[in-house]
Amino acid sequence: MLRYSALLKDTNAYRSFMSDIKEGRLNHCYMVIGEDSLAVDGLIDIFTQTALCPKDGCGKCVICQKVEDKNHEDVFEPKNLKADGIREFIEKVYVKSVGDVKVMVIRELDKVDSRVQNFLLKSLEEPIDGVVFLLGVNKQTAVLDTIKSRSKKLTISPFSKDRLTEFFNDNYVGKPKSLVEEAIDCCMGSLTRCESLMNDEEYFSDMSEVIFVLKELTSTKVNLKMQKRLDIKDGRLLRYLDIMQLICGVLLKRKNAAKVEGFDRVNVLLDSFNTATLVNYNKLIIEAKNKVASYCKDENILDNLFIKMMEVKYLCR
């Protein structure tokens, strides 16, 4: 059974889909929307099981097992998201199904070129009985309005810290409890991020280092010392930049009274930076990331970043 089924079934998106099933008004196209790709994929699998299984997606029967093993004869996904893959996928719509329902799945529709997305329109404009499209989307802005208007949109919101804690207390995932708690605290309600953090034990010590550096970076005298605290060998500079950007984002939200669950560790920086400083820090970090992509020398990028950060902090004091 899907690893996160119990959590995903406790969502408004799942309840809405189940309501359609129970009332016999299954829509011809559902767009599952959320930045959490693991949750989007998981819900698509659950919806597929539910649409095909006579027991509303029991997760135990042969049908559900086939869906989970990706070998059900009435479930189709494109081999790739390019024109040839989508064209071949659409052709399957018109092939007679084995059972009463055929499920057509595209997990990352927002990564399909807009011109290629147009191939879907005929199938969505002229629905075929027994054919259900499940479209996974992380960024709605990358999807054609004509497709959105022909889909029932089911949005996945971030999970609360309490709900994730409850779930992982009830479901052992083979990780130390302290690591799971750290991951929950820093995942911002995303299953994708939570799972990634649970498989990256060094992340939290790296974050502690970044917090310390940002706190202590107060003058040119400590600049070199702070640089030496960050081990930027083997491409790790980008990792530190990602952490810095995340910290600045959380601090900005808290400065603007927006609710952000977790990340209590960054509160030590709240009084160190004002809003203007954090906004400019974010711009500097993006510039540094672009330099990394341009293959500039990592040591020079970090030195330049820290110097500019100190200038910004002084000018925005």
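Note: the structure precedes this text.
Basis of the calculations
Every chain is numbered on its own, with residues counted from 1 as its sequence reads. Local features in this predicted model are restricted to residues whose pLDDT is 70 or higher, and side-chain atom pairs enter the listing and the counts only when it is 80 or higher, whereas totals over whole chains, interfaces and linings include all residues. Side-chain calculation: all heavy atoms of the structure are included, whereas hydrogens and water are not. Per-residue accessibility, obtained with a 1.4 Å probe over protein chains only, is compared with the maximum for each type, and a residue is labelled buried under 20%, exposed over 50%, and partly exposed between these values. Secondary structure elements follow DSSP: runs of H or I no shorter than four residues count as helices, runs of E no shorter than two count as strands, and numbering proceeds from the N terminus. A pair of strands is treated as paired once DSSP finds two or more bridges between them. Every definition here rests on a 1 Å grid over the protein atoms only: cavities are sets of points where a 1.4 Å probe fits but cannot get out, pockets are open sets enclosed by protein on both sides within 12 Å along at least five of seven lines, and lining residues have some atom within 4 Å of a point. Grid points are joined across faces, edges and corners, and a volume is the space filled by probe spheres set on the points. By the convention adopted, Pro, Cys, Tyr, Trp, Phe, Met, Ile, Leu, Val and Ala count as nonpolar, Lys, Arg, Asp and Glu as charged, and the other residues, Gly among them, as polar. Joining through side-chain atoms within 4.5 Å is the link that ties buried Ala, Val, Leu, Ile, Met, Phe, Trp, Tyr and Cys residues into a set, and such a set is a nonpolar core. In this description, contact between two residues means that some pair of their heavy atoms is separated by no more than 4.5 Å. In this scheme Phe, Tyr and Trp rings, the latter by its six-membered ring, pair at centre separations within 6.5 Å, and the angle between planes marks the pair as stacked below 30 degrees, edge-to-face above 60, and tilted otherwise. Axis lines are fitted through C-alpha atoms, for helices just across the contact stretch, and the angle between N-to-C directions can take any value from 0 to 180 degrees. Think of the arc as the fan of directions from the helix axis to the C-beta atoms.

1. Topic: the pairing of strand S4 (residues 131-137)
Thought 1: Here S4 lies mainly inside the structure; seven of its seven residues are buried.
Thought 2: Neither face of S4 is open: one carries Val 131, Phe 133, Leu 135 and Val 137, the other Val 132, Leu 134 and Gly 136, and all of them are buried.
Thought 3: With five bridges connecting them, strand S1 (residues 29-33) and S4 associate as parallel partners. Considered in S4, the bridge of Cys 29 is made with Phe 133.
Thought 4: Alignment of strand S3 (residues 102-106) against S4, held across five bridges, turns out to be parallel. Paired with Val 103 across the bridge in S4 is Val 132.

2. Re empty space enclosed by the protein
Thought 1: Evaluation of the coordinates by the stated rule reveals two cavities of 30 Å³ or more.
Thought 2: Leu 284, Glu 287, Ala 288, Lys 291, Ile 301, Asn 304, Leu 305 and Lys 308 are the residues that line the largest cavity.
Thought 3: Class assignment of the residues belonging to the lining of the largest cavity gives a composition of four nonpolar, one polar and three charged.
Thought 4: Considered as a void within the structure, the second largest cavity measures approximately 30 Å³ in volume.
Thought 5: For the second largest cavity, the full set of lining residues is His 28, Val 93, Ser 123, Pro 127, Ile 128, Val 131 and Phe 133.
Thought 6: Along the lines of polarity and charge, the residues of the lining of the second largest cavity split into five nonpolar, two polar and no charged.

3. Topic: the nonpolar core
Thought 1: One finds Phe 168, Ile 247, Phe 306 and Met 309 to be the most contacted residues of the largest nonpolar core, which totals 82 residues.
Thought 2: Residue contributions to this core peak at eleven residues, all from helix H14 (residues 237-255).
Thought 3: With near-sequence residues (within four places) excluded, Phe 306 lies in contact with Val 213, Leu 217, Asn 223, Met 226, Gln 227, Leu 230 and Met 244.
Thought 4: Of all hydrophobic cores here, the second largest spans 22 residues; its members include Ile 90, Leu 109, Leu 120 and Val 131.

4. Some thoughts on the packing of aromatic side chains
Thought 1: The tally for this structure, following the rule as stated, stands at eight aromatic pairs.
Thought 2: Between Phe 89 and Phe 133, the ring centres sit 6.3 Å apart and the planes meet at 75°, which makes this aromatic pair edge-to-face. Of this pair, Phe 89 sits in helix H5 (residues 83-91) while Phe 133 sits in strand S4, and the two are 44 residues apart along the sequence.
Thought 3: Ring centres of Phe 167 and Phe 168 lie 5.2 Å apart, and the angle between their planes is 80°; on these two criteria the pair is classed as edge-to-face.

5. Comments concerning the sheet that holds S4
Thought 1: Spatially, the five strands line up as an open sheet ordered S2-S3-S4-S1-S5, and their pairing is parallel. The open sheet terminates on both sides in strands that have one partner only, identified here as strand S2 (75-76) and strand S5 (152-155).
Thought 2: Across the sheet, H5 lies against S2, S3 and S4, angled at about 170° from S3, the strand it touches most.

6. A word on the pairing of S1
Thought 1: Counting buried residues in S1 gives five out of five residues, a clear majority hidden from the surface.
Thought 2: Note that S1 and S5 share four bridges and pair parallel. Its bridge partner lying in S5, Tyr 30 is registered against Lys 152.

7. Description of H5
Thought 1: Buried residues of H5: Gly 85, Ile 86, Phe 89 and Ile 90, and no others. Take H5 and look down its axis: the buried residues cluster within an arc of 130°, on one side only.

8. Re helix H9 (residues 161-170)
Thought 1: The set of residues buried in H9 consists of Arg 163, Leu 164, Phe 167 and Phe 168. Across the axial projection of H9, the buried residues extend over an arc of 125°, all falling on one side. In this structure, H9 carries Asp 162, Asn 169 and Asp 170 as exposed residues pointing more than 90 degrees from its buried face.
Thought 2: On its buried face, H9 is in contact with helix H1 (5-8), helix H10 (177-186) and helix H11 (191-198).

9. Remarks on the layout of surface pockets
Thought 1: Within this model, the largest pocket holds a volume of roughly 340 Å³.
Thought 2: Among the residues forming the lining of the largest pocket, the class breakdown is six nonpolar, seven polar and three charged.
Thought 3: In this structure, the second largest pocket occupies an estimated 270 Å³ of space.
Thought 4: At the level of secondary structure, the elements contributing two or more residues to the lining of the second largest pocket comprise H9 and H10.
Thought 5: Here the residues of the lining of the second largest pocket sort into six nonpolar, two polar and five charged.

Limitation: the analysis is restricted to geometry and does not speak to function.
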